[in-house]
Every structure is written in structure tokens, then in C-alpha cells.
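# Fold and geometry: a report
Spelled out from the first residue to the last, the chains are:
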2 protein chains.
Amino acid sequence: MFRIGVDLGGTNIAAGLVDDNYKIVDRESVKTNVPRPAESIIQDITRLVNVLRGRNNLEEKDIEAVGVGVPGTINEDTGYVEYSNNIRFENVPFIELLSGMISIPVYFGNDANAAALGEYYAGGYNVKSFVMITLGTGIGSGIILDGRLIKGINFAAAELGHTVIKMGGELCTCGRRGCFEAYASATALIRDTRRRMTSEEYFGEDAAGKTVLWDLCGKDTDNIEAKHVFDAVKLDDKLANELFSDYTDYLAEGIANIINILQPELVCIGGGVSKAGEMLLTPVKEKVARLIFSKNSAKNTEIELARLDNDAGIIGAAML
Amino acid sequence: MFRIGVDLGGTNIAAGLVDDNYKIVDRESVKTNVPRPAESIIQDITRLVNVLRGRNNLEEKDIEAVGVGVPGTINEDTGYVEYSNNIRFENVPFIELLSGMISIPVYFGNDANAAALGEYYAGGYNVKSFVMITLGTGIGSGIILDGRLIKGINFAAAELGHTVIKMGGELCTCGRRGCFEAYASATALIRDTRRRMTSEEYFGEDAAGKTVLWDLCGKDTDNIEAKHVFDAVKLDDKLANELFSDYTDYLAEGIANIINILQPELVCIGGGVSKAGEMLLTPVKEKVARLIFSKNSAKNTEIELARLDNDAGIIGAAML
């Protein structure tokens, strides 16, 4: 039996036809083009579902479910998307609207939870407890215990990005100071990089000679990406090494926190930053090992890089 | 059917006969008298079980289970207590030794988890997801989701006390800097109080006139207790007010973290510090409400003071 997963993002609405082996066998997407009315976005989701059905000669009864990962707060009790900044939804009766247009059972969930679910099912991890941390613009996360998503009383659980690691520290988008997201997201790394590059030590006439980061960003700090820092580390750039060391410190603190709380079998790191690969994973694992409470336990939580790419969001949505 | 719960502490071994309504119907205890051999402590546990049986005319078959809450790291797979600082156990084959002396099924678990379980069952909370935070010498905690303890892969989960809220901050007993326990335990409050009292502002010839804390502790900072701070707040003492405000800040950050991660139905605050009652709970609730991510959700996690006293440890042990 097939399912259809829809990853409703701020930029694209990406849909995939997912088979029983968690493989995407066909896919289609359109631009999200926010802001526009919720009805119009939901019409596009319907259209994507119908395109995938038509192209694969499937009737509605051949599709077990349509699941949509939404970048915001959803309420499974009411079927409403309560709030989404990315797609400008506020109190949208999402399930009612979508199920009015499709005769297939319709489900929705938070997009980070969907991505965790997709990574968990399609990644081939043989574990029962699993925490996914997605390092990108923000920090998304999902917690799976005994094979089930932890959603919390209001479906807003697993906001690991919004746990404080440095009280009174950097201001977070959520309004709190010192959140994990404000230190360990790609955005935070970029902010810190820009800040250091424009500090007295690395700014000025002979700045380019002091760090390759100035070359890598084309002499414009507006162009800085997390990748530039990792590239500069490979060139043994002093400033980049310092930034990278701080960044892995932050990441390790956040990961050690969730390990001390849940001791899952696996913590999986995904998102754009995770593309740095082993050069990121190795120091993070070493630092986490020094920070966790159960240093001497026979077994401890493993830490790995995500195996799937962006497809986790679509596959996970299909599993909602 | 009865069960027997044993709270194996650093000072006392307290056992209770627990009925089906989670009531302790008889109890007995002896001093722990550490250090002494594990075998000798386990003999005392057996003796307590037999005293409770004898006094209540119960045969071994009338007791469903004996559960022991251990202040340390246990391994349910091996039946070993891997490590306990309080009772000086290291790799003790606890279950083997105890079940060699009693013909009743024997269980064990971490004492903080047992206390959470006891509070959850005997406290009459009508919730499925529950986090208990015990504020004492350290910070103990237990997490119950869908009515079951979260133990983690190595039975060492729910160490909320050892999650960092202020990276690089105060040194914690676990070796990490900035742990929740190093800011929100009674010990931390006492440390901060002592530090401020002996600072230039509050120390010296006319010190007693500057804060009532000097009177409350009998002019000796070695005597300071958390209760003195709360008593001084009631007298509107300036220094105590500042210490109390900082303390509730720390407590709120740690509680907001666990809410953002798990969104349980209830967070329950127990331990010596919780005896401060509403004067503690009210500001903590206000501060947490400002810090949580899901400020606008229809439902949010409730925060309450623990309903049981120290009996939670015995009752919970019986439920292990």
C-alpha cells in the first residue's frame, strides 16, 4: 500500500509517493509562495496528491493516508494549525479543509517531528529510542521512545532548540535568552563568525591575511555560510578553528543534556550543518563523552549523522 | 495483596508494607551505618522485610514483591548496583544477593525514579505524563510517560539535575559546569547565600543590621539552611529577596527546559525546598510561563507541589 507525504515548507511544498519500504517512488513539488490564503495552499496540496495518483495510476482507495508536515504548532485534538510563522497560518482548520478535498484519510504533524519519524523509519536504525536534532536555520528535533513520537500534552514537545544552555545569553527567536538554538544552529554559527570577523582583531586593512574566511565569503560577511567555517577549518585557519571549537562545545552541551534526560539508544544529527560529516561528529562525540552523567555505564547513547537527506520530511509525513 | 518498599538511603534503611491503595500500613527502619559490606546491608533489608511480615502475620507468598530504591546507578539487565556514592556500593550483585535471602520476587531501581513513581501513584494525580523534581541536597528526578518510568538505555535517564542551564558556570558534583543542580538544589541556594553574606556588603561589624540572615543562622554561616532564606523573605529582607529571586529564576529555567522537551501534563516539585509552599510555587509558575516555547497553546503543563512527604520513596520502591 502507498502513502503520500507532504513536506509543507516556507519555500516549497514537496510531496512524495511512499511505498511500504519507506522509499519515495515518485515526487512532485510547487513553490509555497507565501503569503497566500490557507485555502489556496491546501488546494495545491490536493493538486500534488492528484498528480502523484494520476501519474502512477492509483485511485484514492489505493492510498492508505496523506500526511502533511507543518512548520508550526498543530493541534491533533482540533485538527487546527494553531500557528505557523513560515507559512503565515493562524488558527487554520487544516484537517477539515484538506479532508474536504480528498477522500483519503488525512493526518498532520509538526515538520521536525515528521523528519525525525522519516529518519527513524527509513534510515534503517535498529533502535527503539531515538532523538533527531536538525541543525539548520533553527534547531528542529523529534523524540521517539518505544517507536512512538513524543508529542506532549499540546503536541508541542521536543523543542530541544528552545532549552536554555546558557542562561542570560544570546537572545533567541523564541524570546528567551541562551537557548540551544541561539548557540548551535547554523544561524548562530554564522552570527558568531560575522561577529569575530568584524571584531578589531580580524577587521581592517590587513584583515584578509589574518583569516581565509574573508576570501571564502567574497569579502562580504553577508555571504557567510556555516560551510565556510568548516572549509576554513580544513585549511587550519586559526579563527575558524576557534569558532569551530566553540560551536562543537555548544552542540555537545545540548546533546549531553538530552542524553542525561532520556538516555535514548541513538541521537542523530541532521540538517545542513551535519553535512560537515566526521569532522563535526568526532569532536562532538568526544566532548559529549566528557559531559554525560553516566560516564561509566556499560552502555551509552550512540551519536550518528543522519543517513537520509531532505527526504526524511516527506517520508516522515507519510508515516504520520 | 501487599508489597514491601525499601528506601535505601545514606542515613536510614526505611521499609514499609504497602497495600493495594498505595498506603503504608506498617513501617520499620534501621540506620544504614555506612561504610559496611553490601552483604550486611542486604541482611538488614531482609530483616526489615521479615519484621514487617511477622508483625502483620503475612507469609512470603502473601507479599507480591519487594522493591528497593537505591541511591545510585543500577543495571536491570545484570541485577547489579553499578555504583552508589551514598552507600559505597560498587558492582554489587544486588538482586542475586537479596533474592538468595527472600523467597519473594525482588526488584530494584534508582531512588529518585522510585520517589517519582510513588508520588505519581499515591499522590492521586490524574495524569498520564508526569515529571517529578526533588529539590534537596541534589536534584533528583523521575519521568513518567504513558504511566511508565523512562529509564533509558542504561537505566540512568531522568538526570534533570545534570542538565546544563548555565554553560561554564558553577562546578557541579558530576564534574560538569553549570548544571541545574548546581543552581537550583538546596545546596546551591545555601552556597549562594553564604557567598553573599560573606561578601563585603553584608559582612563586617554592622553586618547583622543589614540582613536578618545573620540572626537566623545564629551568626554562623555553617548553619545556613534553605529555610532561613524563605523565612527572611517573609520578613522582606533585602538580601534574602535577591537570593530568592535568583533561585526562582534558576528553578524556572530548568523547569521550562523540561517542559519544552516533554510537555508533560504535570511537573511536580518535591524535596525539602518545596516545603516553602506557595511562596515558591507562585513566582516559579509565573517565570516558567514567560519562558516556555508554547506560550499560546490551549493547554500547557501544570506545575504543582508534591503531595506526599518522604513516603513517596517507600511507596514507589514497592511499585518497582
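It should be noted that the structure appears before, not after, this text.
For the structure given in this document, a descriptive report is provided here. (Residues numbered from 1 in each chain as written. Chains lettered and ligands numbered in written order. Predicted model: local features only at pLDDT ≥ 70, side-chain atom pairs only at ≥ 80, totals over all residues. Heavy atoms only, no water.)

Scanning chain A from terminus to terminus reveals 10 helices and 13 strands. Considered along the principal axes of its C-alpha atoms, chain A spans approximately 65 × 50 × 35 Å. Relative to its full complement of 320 residues, chain A shows a buried share of 58%. Here the analysis covers contacts within chain A between residues at least 6 apart in sequence; of these, 61% occur between residues at least 24 apart. Accessible surface, chain A as shown: approximately 13300 Å² in total, 47% of it carbon and sulfur. Between the mean site of the 32 positive side-chain charges and the mean site of the 45 negative ones, chain A shows a separation of 2 Å. (Helix = DSSP H or I, 4+ residues; strand = E, 2+ residues; numbered from the N terminus. Buried < 20%, exposed > 50% of the residue type's maximum accessible area, 1.4 Å probe, protein only. Contact = heavy atoms within 4.5 Å. Areas by Shrake-Rupley, 256 points an atom, 1.4 Å probe, with all protein chains shown as cover. Lys, Arg positive; Asp, Glu negative; His and termini not counted. Charge placed at Lys NZ, Arg CZ, Asp CG, Glu CD.)

Expressed as a screw transformation, the operator carrying chain B onto chain A has a rotation angle of 180° and an axial translation of 0.0 Å, and the superposed copies differ by an RMSD of 0.0 Å. What we have between these two chains is a two-fold relation. Looking at chain B, 100% of its interface residues are interface residues in chain A too, so the copies touch through the same face. (Least-squares fit on C-alpha atoms with pLDDT ≥ 70 in both.)

It is worth spelling out the pairing of strand S4 (residues 63–70) of chain B at this point. Residue and element names in this part refer to chain B. Within S4, seven of the eight residues are buried, which leaves it mostly tucked inside the rest of the structure. Of the strand pairs in this sheet, strand S1 (residues 2–8) and S4 are connected by five bridges, and their pairing is parallel. Note on S4: the bridge partner recorded for Gly5 is Gly67. As paired strands, S4 and strand S8 (residues 106–110) are joined by five bridges and run parallel to one another. Note on S8: the bridge partner recorded for Val70 is Asn110. (Pairing = 2+ DSSP bridges.)

This next bit is on helix H5 (residues 186–197) of chain A. All names here are of chain A. Between its terminal C-alpha atoms H5 stretches 16 Å, which fits the 16 Å expected from 12 residues at 1.5 Å a residue. Taken as a whole, H5 has its buried residues at Ala186, Ala188, Leu189, Ile190, Asp192, Thr193 and Met197. Buried positions along H5 lie against helix H4 (181–184), helix H6 (213–216), helix H7 (226–234) and helix H8 (238–262). (Expected span 1.5 Å × (residues − 1).)

The next subject is the environment of A:Thr198. All names here are of chain A. Mapped onto the elements, Thr198 comes out in the loop between H5 and H6. Residue classification places Thr198 among the partly exposed residues on the basis of a relative accessible area of 39%. Expressed as a C-alpha distance, the spacing of Thr198 and Thr221, which sit 23 residues apart in the sequence, is 8.4 Å. For Thr198, the residues in contact, after removing those within four places along its chain, are Phe203 and Thr221. Among the polar contacts listed, one links the side chain of Thr198 to the backbone oxygen of Arg194, at a separation of 2.7 Å. (Polar contact = N/O pair within 3.5 Å; in protein donor to acceptor, adjacent residues only side chain to side chain.)

Attention shifts here to the nonpolar core. Membership of the largest hydrophobic core comes to 122 residues, with the highest contact counts inside it found for A:Ile255 and B:Ile255. In this structure A:Ile255 touches A:Ile133, A:Phe180, A:Val267, A:Ile269, A:Val284, A:Val288 and A:Ile303, once residues within four positions along its chain are discounted. Of all hydrophobic cores here, the second largest spans 31 residues; its members include A:Val6, A:Leu48, A:Ile74 and A:Ile95. (Core = buried A, V, L, I, M, F, W, Y, C linked by side-chain atoms within 4.5 Å.)

With that out of the way, let us pick up the side chain of A:Thr211. Residue and element names in this part refer to chain A. With respect to the helices and strands, the residue Thr211 is situated in the loop between H5 and H6. Exposure remark for Thr211: the relative accessible area of 1% places this residue in the buried category. Engagement of the side chain of Thr211 in a polar contact is seen with the side chain of Asp237, the distance being 2.8 Å. Apart from the residues lying within four places of it in its own chain, the contact partners of Thr211 are Tyr202, Asp237 and Leu239.

Coordinates in, geometry out; function isn't part of it.
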